[in-house]
Structures are given as C-alpha cells and as structure tokens.
Amino acid sequence: MPELPEVETVARGVHERVHGERIASAWFSEKPEPFKTPPAEMAEALAGCSIERVRRVGKHIVFDLQPDHLPQSEEGPRSDSLESLESIQWIVHLGMTGRLLVSEATVPVPPHTHGILHLSSGRELRFVDARRFGRMGLHRSHAKSAQGINATARPAVPSPDSPHGFTGTGREPLTITLDDFRALFKGRKTSIKAALLNQKLLHGVGNIYADESLFRAGIRPRKMAARLTRAELGRLYASLIEVLKAAIALGGSSVSDYVDADGVRGFFQLKHCVYMRTGQPCLNCGRAIRRIVVAGRGTHYCSHCQH
C-alpha cells in the first residue's frame with residue numbers, strides 16, 4: 001500500500017499538472033467498492049468545479065475545489081443555499097494498487113479505470129485500481145463565517161489547517177513537534193511498531209517506513225512503546241522525519257504497483273536498510289536481517305543493531 005512518501009509524490013505531481021483546471025464533467029464506473037460517496041452524486045458535485053490545490057493528508061490525496069456558482073432563484077442566490085454554503089473537497093485513497101494518472105484524452109483508457117475527470121484543457125485525470133481497495137469520496141464543510149455570509153461570495157477553499165476541511169485521523173509526522181510525538185506513545189502498552197502503524201496516532205506511516213525508521217533509531221520493533229526512553233523517542237522522531245523526507249525526494253518506494261502521476265516508479269527502495277532484505281547482511285554490522293510478524297505485518301530488523 002502506498003505510504004506517506006508515495007502519496008505525497010503523487011499529490012505533488014497531480015497538483016503540478018491540474019491545479020487551476022476546471023472539471024468539465026466526471027465519469028465513474030459501476031463497481032461499488034471504490035466509492036465512499038455515490039458515483040452520481042460525486043459526478044454532479046464535481047462538474048463545474050475548479051481544482052485549486054491538490055495535497056496530501058495522511059495517506060489521502062485531497063483536491064481542494066472551488067464551485068463555479070451558487071444555486072439561483074429569480075431574486076438572486078437562494079437563501080437556503082446561503083445558509084448551507086459549502087466548500088467541497090474530493091478525497092482519494094489509493095488503497096493497495098490505486099493510481100492517479102494525468103493523460104491526454106486520446107490515450108487509451110487503461111483497464112480497471114474507475115473514475116475519470118474530464119478537464120477544461122481536454123486532458124483527463126484517471127483513477128485506476130486493479131484490486132479496487134482504493135476509495136473516492138466527497139468531503140463537504142460549511143463555509144459560513146461568524147459574521148454571516150456575503151451573498152455574492154463563493155465558498156472559501158479550506159486551508160490545510162482548517163478545522164472544517166478534511167484533516168485525516170491522526171497527527172502529521174512531518175510537522176508534529178518532538179514533545180507531542182513523545183506524548184503519543186506515553187503509557188501505550190503495545191509494541192512501538194504497532195503504535196507507528198496506528199493511523200489514529202500518526203497518519204501516513206506504514207510498514208516500510210516504520211521498519212526503516214526503527215532501524216535507523218536502533219530500536220527493536222517489538223519493544224513496548226511505553227518503555228521507550230526520552231532519548232529513544234528523540235532518535236525515532238528524528239529518524240522518521242529523515243526517512244520520510246529522503247523517500248519523498250526519491251519519489252517513494254516502488255516495491256509493488258506504485259507509480260507517480262506520470263506512471264514512473266520511485267527509487268527509495270534502493271535505499272532500504274532492512275525492509276524486504278530478509279537474510280541479507282545488515283549494512284551496518286553484516287549480520288543477517290531477520291523477519292518476524294508484528295501487529296500482523298511482516299517486520300524486518302537487525303538483532304544486533306536494534307535493541
């Protein structure tokens with residue numbers, strides 16, 4: 001499953017290619033699995049919206065949209081519309097094999113395409129997902145201010161920190177402070193690997209980057225989170241940020257189906273120290289990398305370098 005660096009790479013790539021574009025129309029498949037919002041409702045809401053920004057929240061890709069108009073009556077904007085003035089965001093989760101590809105309309109549509117946004121430029125944004133574990137849906141939030149609504153105003157696009165916009169389930173690993181990071185694990189009677197995978201604590205961290213961060217911090221994945229010292233949590237905090245930023249710089253890790261918005265694979269898998277290196281020599285000490293199962297996930301570590 002794509003993790004934070006892969007999702008960040010896709011979000012940045014899609015933003016570069018489509019921000020400012022108007023969605024002329026949208027098409028969605030008849031398969032039920034990919035949809036958090038009914039397809040017909042989603043297609044109607046997206047048509048006519050402009051894509052202001054594409055960004056990542058956890059493992060989700062968030063499209064901040066600007067509707068092009070308000071429903072009208074003969075007297076002008078309807079009062080019920082003003083009272084329910086909304087901002088709209090389109091939320092995409094890539095699941096295991098999902099891809100967001102920006103293509104010319106003349107390029108043949110790939111198999112397993114479940115969503116197409118037809119853009120004003122004539123290009124298409126396509127959601128392709130062979131295993132159908134990915135999800136698409138709308139997030140609506142009221143844009144009404146405490147001072148009331150300007151009848152001629154358009155709904156405001158939520159800022160990344162807006163409490164009304166989509167915020168995900170946990171804290172953001174790249175912006176959380178060290179003190180708040182330490183507080184997340186205080187008293188948690190679960191393994192540190194399981195805690196890192198808990199999306200309600202930190203969203204975006206998955207199996208690859210949990211293993212790689214724990215190795216660089218010298219911490220065994222089965223060690224109970226509550227027993228980590230302040231120094232160990234400090235090392236883990238620094239390692240996690242370092243690993244995530246390095247992976248983003250290299251376009252993520254392509255260990256399965258992941259590609260970016262242009263269909264290009266990432267390169268961070270060439271920098272993995274432990275993940276999927278079972279039996280190979282540790283890059284630090286030369287001992288064989290071990291594989292165990294923690295929290296139901298295959299987990300890779302060095303028994304000599306991690307304590």
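Keep in mind that what you see is a predicted model, and the values were worked out from it rather than measured.

*Asks:* So what's going on with the pairing of strand 9 (residues 123–128)? Residues and values would help.
*Replies:* Counting buried residues in strand 9 gives 6 out of 6 residues, a clear majority hidden from the surface. Alternating positions in strand 9 separate into two faces, R123, L125 and F127 on one and E124, R126 and V128 on the other, with burial throughout. When strand 7 (residues 99–104) meets strand 9, the two strands line up antiparallel, connected through 6 bridges. Directly across from V102, in strand 9, lies its bridge partner L125. Examined bridge by bridge, strand 8 (residues 113–119) and strand 9 share 5 bridges and lie antiparallel to one another. Counted as the bridge partner of T113 is V128 from strand 9. Hairpin connection of strand 8 to strand 9: 3 residues between the antiparallel strands, including G122 at a positive phi of 95°.

*Asks:* I'd like a rundown of the packing of helix 4 (residues 178–185) against helix 7 (residues 230–249), residues and numbers included.
*Replies:* Running from amino to carboxyl end, helix 4 crosses helix 7 at an angle of 115°, the nearest separation of the two axes being 10 Å. The interaxial crossing formed by helix 4 with helix 7 has right-handed handedness. Contact residues: L178, F181, R182 and F185 in helix 4; R230, L233, G234, L236, Y237 and L240 in helix 7. When its residues are assigned to classes, the contact of helix 4 with helix 7 shows 7 nonpolar, 1 polar and 2 charged.

*Asks:* Residue-level account of the sheet that holds strand 7, with values.
*Replies:* Strand order in this open sheet of 4 strands is 1-8-9-7, and the pairing throughout is antiparallel. Edge positions in the sheet fall to strand 1 (23–28) and strand 7, since each of these pairs with one other strand and no more. The sheet shows a mean angle of 20° between the axes of neighbouring strands, taken without regard to direction. Relative to strand 8, strand 1 runs antiparallel, the two being bridged by 5 bridges. In the sheet register, W27 faces strand 8, and the bridge partner there is I116. The sheet contacts of helix 1 (residues 4–18) involve strand 7, strand 8 and strand 9, and relative to strand 7 the element is tilted by about 25°.

*Asks:* Can you lay out the environment of L244 for me, pointing to particular residues and giving the numbers?
*Replies:* Structurally, L244 is set in helix 7. Residue L244 is classed as buried on the basis of its relative accessible area of 0%. Not counting the four nearest positions on each side in its chain, L244 is found in contact with L4, P5, P173, L174 and Y209.

*Asks:* So, the pattern of salt bridges: which residues are in play, and what are the values?
*Replies:* If you walk through the whole model with that rule in mind, you get 15 salt bridges. The partner of R12 in a salt bridge is E8, and the shortest N-O contact between them spans 2.8 Å. Placement of both R12 and E8 in helix 1 is noted, with a separation of 4 residues, approximately one turn of the helix. What makes R12 partly exposed here is its relative accessible area of 46%. The buried category is assigned to E8, whose relative accessible area is 13%.

*Asks:* So what's going on with helix 1? Which residues, and what values?
*Replies:* Note on helix geometry: an α-helix contains 3.6 residues per turn, so any two residues three or four positions apart are oriented the same way. With 15 residues, helix 1 ought to run about 21 Å at 1.5 Å a step, and its terminal C-alpha atoms sit 21 Å apart, in line with that. Counting buried positions along helix 1 yields 11 of 15 residues, so the element is predominantly enclosed. Of all the residues in helix 1, the buried ones are L4, P5, E6, V7, E8, T9, V10, A11, G13, V14 and V18. Once helix 1 ends, the next one or two residues include G20, with phi positive near 90°.

*Asks:* Lay out the confidence of the model for the chain with the relevant residues and their values.
*Replies:* Across the chain, the average pLDDT comes to 88, with 82% of residues at or above 70. Within the model, the stretch residues 76–83 combines pLDDT values under 50 with 15 contacts to residues more than four positions away or in other chains. Long-range and interchain partners of residues 145–153, a stretch whose pLDDT sits below 50, account for 8 contacts in this model, where long-range means more than four residues apart.

Rules behind the numbers
- Residues numbered from 1 in each chain as written.
- Predicted model: local features only at pLDDT ≥ 70, side-chain atom pairs only at ≥ 80, totals over all residues.
- Heavy atoms only, no water.
- Buried < 20%, exposed > 50% of the residue type's maximum accessible area, 1.4 Å probe, protein only.
- Helix = DSSP H or I, 4+ residues; strand = E, 2+ residues; numbered from the N terminus.
- Pairing = 2+ DSSP bridges.
- Axes fitted to C-alpha atoms, helices over the stretch in contact; angles between N-to-C directions.
- Left-handed = near helix turned anticlockwise from the far one by under 90°.
- Contact = heavy atoms within 4.5 Å.
- Nonpolar A, V, L, I, M, F, W, Y, C, P; charged D, E, K, R; others polar.
- Salt bridge = Lys/Arg side-chain N within 4 Å of Asp/Glu carboxyl O.
- Expected span 1.5 Å × (residues − 1).
- pLDDT = per-residue confidence, 0-100.

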